[in-house]
There are 2 protein chains.
Amino acid sequence: MAEQVAPQEGPDGFSEAQLAYVEDLAATITASGVQRMPSRVYAAILVSEQGSMTAAQLAATLQVSPAAVSTAVRWLTQVGMVSRRSTPGSRREQYVVDSDSLIRLIAHDTSALNSWTSGFARGLEVVEPGSSAAHRLAELREFFTFLVEEMDGVMQRWQERKNQSSPSRSARKR
Amino acid sequence: MAEQVAPQEGPDGFSEAQLAYVEDLAATITASGVQRMPSRVYAAILVSEQGSMTAAQLAATLQVSPAAVSTAVRWLTQVGMVSRRSTPGSRREQYVVDSDSLIRLIAHDTSALNSWTSGFARGLEVVEPGSSAAHRLAELREFFTFLVEEMDGVMQRWQERKNQSSPSRSARKR
DNA sequence: CATCATCTTCACATTTTTGTGAATGTAATT
DNA sequence: AATTACATTCACAAAAATGTGAAGATGATG
């Protein structure tokens, strides 16, 4: 019940339902270890019609200070989840979330996997060779190496599937 | 240089190098979003010879209060990274990290992926159908669904590979 | 059955994180 | 060229997370 088909436009083109959803999605993202504010910013841009917003728009939509937005955006751009787009005719910089940001996110996770792998490898140098602990660490290292290798294949299959279902999509601009 | 072949035994059978490594690995784990203390506890048990430690041992090794250990262990058992093993003839409970804990860890990540998937699905109900935002959310949902599906295959291949290289390993006890 | 050893839980203090307001820098418009 | 509109950075305050000490619970042992 209560299906809001008419998009109740709010402050910056966000409906009530959309504002609520931004918080909802942000909570999910936060649960995965991302800080609250970056999560909210990411969610807001993702839901925005053009997939991009200015710092001022974000501050108004999320009801926070420009400073908080600035900090969050800096972090998001550093990890590659958001990119900047300087609009020529205006001072306003657009912060962009495109679909490829998810690929970057997974790539980022892969680098995390690599950290674990080398972490386990270092462990093998401080435990008794042949010991139970050595076996444990070796298996973990092997598994994480395996995971990284598998990720390549997974991403490759995704690209194939994407090109297959809509080959011209990659030509989309704006 | 400085190869310490002789394992300098410390308080609880941990050498200097091993104690340092525990902190090192814990830092890596912490970087992935896990709190500091659970990370340290997990790392310590992992490096321990039997793959299990008591609360008292952990407190002594990590130089923290039993209370902190208790809290950390509770969290670790909840997410499935550590399991309890009550030794019959003793009050002391052993906290165990076996190799399977990594599988649980990945399984846990899969459930996180599912959260994202359903999160994106909810988003589709609050944006204009056919809009740019709708396409973005739909693609993200599709990708995460794809990832979850792929994970099944990945884990299956890992099991095969494990059974293939050392089929009798699973019979290991103690 | 009482005592001892071991683990857990709770209230609190400390540290760390997080967001704000003011000041500063930078580019477009008049 | 000056003004205006944005965005960023810094110091600080509010909020949250984290670990400790003491009290409580639970089970083995003399």
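So, here is what we can say about the structure in this document. (Residues numbered from 1 in each chain as written. Chains lettered and ligands numbered in written order. Predicted model: local features only at pLDDT ≥ 70, side-chain atom pairs only at ≥ 80, totals over all residues. Heavy atoms only, no water.)

In screw terms, the move from chain B to chain A is a rotation of 180° and a rise of 0.0 Å along the axis, fitting with an RMSD of 0.0 Å. Interpreted geometrically, this transformation is the action of a two-fold axis. The rotation axis passes nearest to the C-alpha of G33 of chain B in chain B, at a distance of 2.6 Å. A shared interface surface links the copies, since 100% of the contact residues of chain B are contact residues in chain A too. (Least-squares fit on C-alpha atoms with pLDDT ≥ 70 in both. Contact = heavy atoms within 4.5 Å.)

Within a sheet, each strand pairs with its neighbour through backbone hydrogen bonds, oriented either parallel or antiparallel. Residue and element names in this part refer to chain B. Across the sheet, 3 strands lie side by side as β1-β3-β2; this open sheet has antiparallel pairing. Only two strands of the sheet have a single neighbouring strand rather than two, namely β1 (52–54) and β2 (83–86). Each strand of the sheet is rotated relative to its neighbour by a mean of 35°, with strand direction disregarded. Bridging between β2 and strand β3 (residues 93–96) involves 4 bridges; their strand directions are antiparallel. Bridge pairing links R84 to Y95 in β3. (Pairing = 2+ DSSP bridges. Helix = DSSP H or I, 4+ residues; strand = E, 2+ residues; numbered from the N terminus. Axes fitted to C-alpha atoms, helices over the stretch in contact; angles between N-to-C directions.)

The subject of this paragraph is helix α1 (residues 16–31) of chain B. Residues and elements named next belong to chain B. Its 16 residues give α1 an end-to-end C-alpha distance of 23 Å, which sits within 8% of 22 Å, the value for a rise of 1.5 Å per residue. When we look at burial in α1, the residues that qualify are Q18, Y21, V22, L25, A26, T28 and I29. The arc that holds every buried residue of α1, seen down its axis, measures 160°, which confines them to one face. Opposite the buried face of α1, at more than 90 degrees from it, the exposed residues are E16 and A31. One or two residues past the end of α1 sits G33, with phi positive at roughly 105°. (Expected span 1.5 Å × (residues − 1). Buried < 20%, exposed > 50% of the residue type's maximum accessible area, 1.4 Å probe, protein only. Arc of directions from axis to C-beta.)

Ranked by size, the top nonpolar core spans 95 residues in total, and within it L58, F120 and F143 of chain A together with L58 and F120 of chain B carry the most contacts. Apart from the residues lying within four places of it in its own chain, the contact partners of F143 of chain A are L102, I106, M155 and W158 of chain B. (Core = buried A, V, L, I, M, F, W, Y, C linked by side-chain atoms within 4.5 Å.)

Looking now at the packing of aromatic side chains. Per the stated rule, a full pass over the model turns up 12 aromatic pairs over all chains. Plain terms: the ring middles of F120 of chain A and F144 of chain A are 5.5 Å apart, the flat faces sit at 50° to each other, and that makes the pair tilted. Highlighted residues: F120 of chain A in helix α5 (residues 101–123) and F144 of chain A in helix α6 (residues 132–165), separated in sequence by 24 residues. Summarising the burial analysis for this pair, F120 of chain A and F144 of chain A share the class buried. Between W158 of chain A and F143 of chain B the ring centres are 4.9 Å apart and the planes differ by 70°, which places this aromatic pair in the edge-to-face class. On the criterion of chain membership, the pair formed by W158 of chain A in helix α6 and F143 of chain B in helix α6 (residues 132–165) is interchain, its members lying in two chains. Here W158 of chain A matches F143 of chain B in class, with each residue buried. Among the aromatic side chains, those forming a connected cluster through ring pairs are W116, F120, F143, F144 and F146 of chain A together with W158 of chain B. (Phe/Tyr/Trp six-rings, centres within 6.5 Å; stacked < 30°, edge-to-face > 60°.)

Around DNA strand D sit 22 residues in total, of which A56, R84, R92 and Y95 of chain A together with S65 of chain B are the nearest. Of all DNA strand D atoms lying within 4 Å of any protein atom, the proportion belonging to sugar or phosphate reaches 77%. Measuring from a phosphate oxygen of DNA strand D, one finds a side-chain N or O atom of R84 of chain A at 2.7 Å. The side chain of Y95 of chain A places a nitrogen or oxygen atom 2.9 Å from a phosphate oxygen of DNA strand D. Elements with a contribution of two residues or more to the surface near DNA strand D: α3 (55–62), α4 (66–79) and β3 (93–96) of chain A together with α2 (36–47) and α4 (66–78) of chain B. Counting residues per element, the surface near DNA strand D draws most heavily on α4 of chain A, which supplies 4 residues. The residue inventory of the surface near DNA strand D, partitioned by class, reads 10 nonpolar, 5 polar and 7 charged. (Near = heavy atom within 4 Å. Polar contact = N/O pair within 3.5 Å; in protein donor to acceptor, adjacent residues only side chain to side chain. Nonpolar A, V, L, I, M, F, W, Y, C, P; charged D, E, K, R; others polar.)

This part covers the pattern of salt bridges. By the definition in use, this model includes 12 salt bridges over all chains. When the shortest N-O distance is used, the salt bridge between R84 of chain A and E93 of chain A registers 3.5 Å. Look at R84 of chain A and you get partly exposed, because its relative accessible area is 46%. Under the relative-accessibility criterion, E93 of chain A is labelled partly exposed at 27%. Note that R161 of chain A is salt-bridged to E142 of chain B, the shortest N-O span being 3.4 Å. A residue pair is termed interchain when its members come from two chains, as with R161 of chain A in helix α6 and E142 of chain B in helix α6. By relative accessible area, which is 33% here, E142 of chain B ends up partly exposed. (Salt bridge = Lys/Arg side-chain N within 4 Å of Asp/Glu carboxyl O.)

Attention shifts here to the side chain of T110 of chain B. Relative to the helices and strands, T110 of chain B resides in helix α5 (residues 100–123). The class of T110 of chain B is buried, set by a relative accessible area of 19%.

This part is about the sheet that holds strand β2 (residues 83–86) of chain A. All names here are of chain A. One open sheet accounts for 3 strands, arranged β1-β3-β2; its pairing is antiparallel. Looking at which strands have only one partner, the edges of the open sheet turn out to be β1 (52–53) and β2. Summarising the sheet, β1 and β3 pair through 2 bridges and their orientation is antiparallel. Bridge pairing in β3 places S52 opposite V96.

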